[in-house]
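Observations on the model geometry
So you can see what is in the structure, the chains are spelled out below.
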Amino acid sequence: MTSHVLSDTRVLTGRSLTHILRSPDTIITTAVTPIALMLLFVYVLGGAINTGSDESYINYMLPGILLITIASGIAYTAYRLFLDMQGGIFERFQSMPIARSSVLWAHVLTSVVSNLISVAIVIGVAFIMGFRTGASVGAWLAVAGILTLFTLALTWLAVIAGLSAKTVDGASAFSYPLIFLPFISSAFVPTDTMPGPVAWFAENQPVTSVVNSIRALFAQEPVGSDLWIALAWLVGILVIAYGFAIAIYRRKIS
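None of the values given here were measured: they were computed from a predicted structure.

1. Looking at the overall build of the chain
Scanning the chain from N- to C-terminus turns up eleven helices and zero strands. Counting all 254 residues of the chain, 50% fall into the buried class. Within the chain, residue pairs in contact and separated by at least 24 positions form 80% of the contacts whose partners lie at least 6 positions apart. Roughly 12100 Å² of accessible area belongs to the chain as shown, and the carbon and sulfur atoms make up 68% of that amount.

Right, here's the structure in full:
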């Protein structure tokens, strides 16, 4: 049974990735907004922002930009899933000997691949703009692991939106608050510069711990408790979102 699910997921993921390769504008569009934000903050606003450290501003803000990249990209997962639901593809798959869970996992894995490609593009542009890090291979792998887990958690939220939406716009609109969330965190300015209630929210929402962890790994500094807080947030969101997504999916196809 396990090999059946894995083989079906592999085939359906190949189908989804083929659509991405035939329409690379999805990845390009996902990367454009974060790159524009980097240009804006580094060359226009960065000189007026005091981060309280000697590191360059692009080094400081890149972790938040990477999360915005992913938050922008998952909207396409909800969009494609909604189109599949409306196009009757799920009903056609039900008449075939295909593991039901493989349909969702194909969309999720496609999201992970496409979003990590977008992240790689943004990091490449960041290097051109002056980003520098002495992070070891292990630190880079840890950053990749955090970003992958972040993508998985948000993608399963996108699955819920794609399955529940009534319109195309509704399928992707859920991502807007997620894109905005890094702006109320430590991504662009230290949280202690914010007004009291805003600072409290910024310090206790998941994006801040994720940003702080990635920033520390890039700067070769001790990660501290931020890493465990980030992992707890991401795993918790992933488990809850996965449970709701599977429940909604089963109700849709029953």
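2. Some details on the nonpolar core
With 69 residues, the main nonpolar core has Met38, Leu62 and Trp156 as its most contacted residues. Listed by contribution, the elements that provide at least two residues to this core are α2 (25–45), α3 (57–86), α5 (100–128), α6 (137–164), α10 (206–218) and α11 (226–253). Tallying contributions element by element places α3 first for this core, with 16 residues. With near-sequence residues (within four places) excluded, Met38 lies in contact with Tyr43, Ile58, Met61, Leu62, Ile65, Val122, Val125, Ala126 and Met129.

3. Thoughts on the UniProt feature "transmembrane region" (unreviewed entry) in the chain
Within the UniProt annotation, "transmembrane region" (unreviewed entry) is assigned to residues 27–49, 61–82, 103–131, 137–161, 173–191 and 227–249. Structurally, residues 61–82 is divided into 100% helix and 0% strand, and its ends, taken at the C-alpha atoms, are 33 Å apart. Between the C-alpha atoms that bound residues 137–161 the distance is 36 Å, and the span itself is 100% helix and 0% strand.

4. Thoughts on the environment of Ile58
Secondary-structure assignment places Ile58 in helix α3. Overall, the relative accessible area of 4% leaves Ile58 in the buried class. Sequence-distant contacts of Ile58, that is, excluding residues within four places in its chain, are made with Met38, Val42, Ala126, Met129, Gly130 and Phe131.

5. Thoughts on the packing of aromatic side chains
Under the definition given, this model contains eleven aromatic pairs. Measuring from centroid to centroid gives 5.1 Å for Trp105 and Trp156, while their planes differ by 80 degrees, and the two rings are edge-to-face. On the criterion of sequence distance, the pair formed by Trp105 in helix α5 and Trp156 in helix α6 is long-range, its members being 51 residues apart. For Trp105, a relative accessible area of 28% puts it in the partly exposed group. The class for Trp156 is buried, based on a relative accessible area of 1%. Judged by centre distance (6.1 Å) and plane angle (40 degrees), the ring pair of Trp105 and Tyr242 falls under tilted. With Trp105 in helix α5 and Tyr242 in helix α11, the pair connects residues that are 137 residues apart, well separated along the chain. One aromatic cluster is present, built from ring pairs that chain together Phe41, Phe180, Phe183 and Phe188.

6. Overview of a nonpolar patch on the surface
Where nonpolar side chains cluster on the molecular surface, the patch consists of Leu39, Leu40, Tyr43, Val44 and Leu45 and spans about 470 Å² of accessible area. Here Leu39 is to be found in helix α2. Here Leu39 falls in the partly exposed class, since its relative accessible area comes to 38%.

7. Quick word on the side chain of Asn212
Residue position: Asn212 is located in helix α10. Polar contacts involving the side chain of Asn212 include one to the side chain of Ser186, which spans 2.8 Å. In contact with Asn212, other than residues within four places in its own chain, are Ser186 and Asp226.

8. As for the confidence of the model for the chain
In this model, the chain carries a mean pLDDT of 83, and residues with pLDDT of at least 70 account for 81%. For the chain, per-element mean pLDDT is lowest for helix α4 (residues 89–94), which scores 58, and highest for α10, which scores 95.

9. With respect to the environment of Tyr249
Position of Tyr249 among the secondary structure elements: in helix α11. The sequence separation of Tyr249 and Ser164 amounts to 85 residues, and the corresponding C-alpha distance is 9.1 Å.

Quick notes on the rules
- Once a new chain begins, its residue numbering starts again from 1 and follows that chain's sequence as written.
- Local features in a predicted model are, by the rule used here, given only for residues with pLDDT of at least 70; side-chain atom pairs are given and counted only at 80 or more, and totals for whole chains, interfaces and linings are based on all residues.
- As a rule here, side-chain values come from all non-hydrogen atoms in the structure, and water together with hydrogens is ignored.
- Numbering goes from the N terminus for both helices and strands, where a helix is a DSSP run of H or I of at least four residues and a strand is a run of E of at least two.
- Three labels apply to residues, based on accessible area from a 1.4 Å probe with only protein chains included: buried if under 20% of the type maximum, exposed if over 50%, partly exposed otherwise in between.
- What makes two residues a contact is simply this: any of their non-hydrogen atoms within 4.5 Å.
- We get accessible surface area from the Shrake-Rupley algorithm with a probe of 1.4 Å; when it comes to residues, only the shown protein chains can shield them.
- Only buried residues count toward a nonpolar core. Its members are Ala, Val, Leu, Ile, Met, Phe, Trp, Tyr and Cys residues joined through side-chain atoms within 4.5 Å.
- UniProt positions are given in the numbering used here, feature names are shortened, and annotations may be inferred rather than shown by experiment.
- In this analysis, rings of Phe, Tyr and Trp, with Trp reduced to its six-membered ring, are considered paired at centre separations within 6.5 Å, and the interplanar angle assigns stacked below 30 degrees, edge-to-face beyond 60, and tilted for intermediate values.
- Two joining distances apply to patches: 9 Å for like charges and 5 Å for nonpolar side chains (Val, Leu, Ile, Met, Phe, Trp, Tyr), and every residue must have over 30% relative accessible area and no salt bridge.
- The term salt bridge refers to a side-chain nitrogen of Lys or Arg lying within 4 Å of a carboxyl oxygen of Asp or Glu.
- Polar contacts, as used here, are pairs of N or O atoms within 3.5 Å; protein pairs need one atom able to donate a hydrogen and one able to accept it. Residues neighboring in sequence count only if both atoms are side-chain atoms.
- On a range of 0 to 100, pLDDT expresses the predictor's confidence in each residue.

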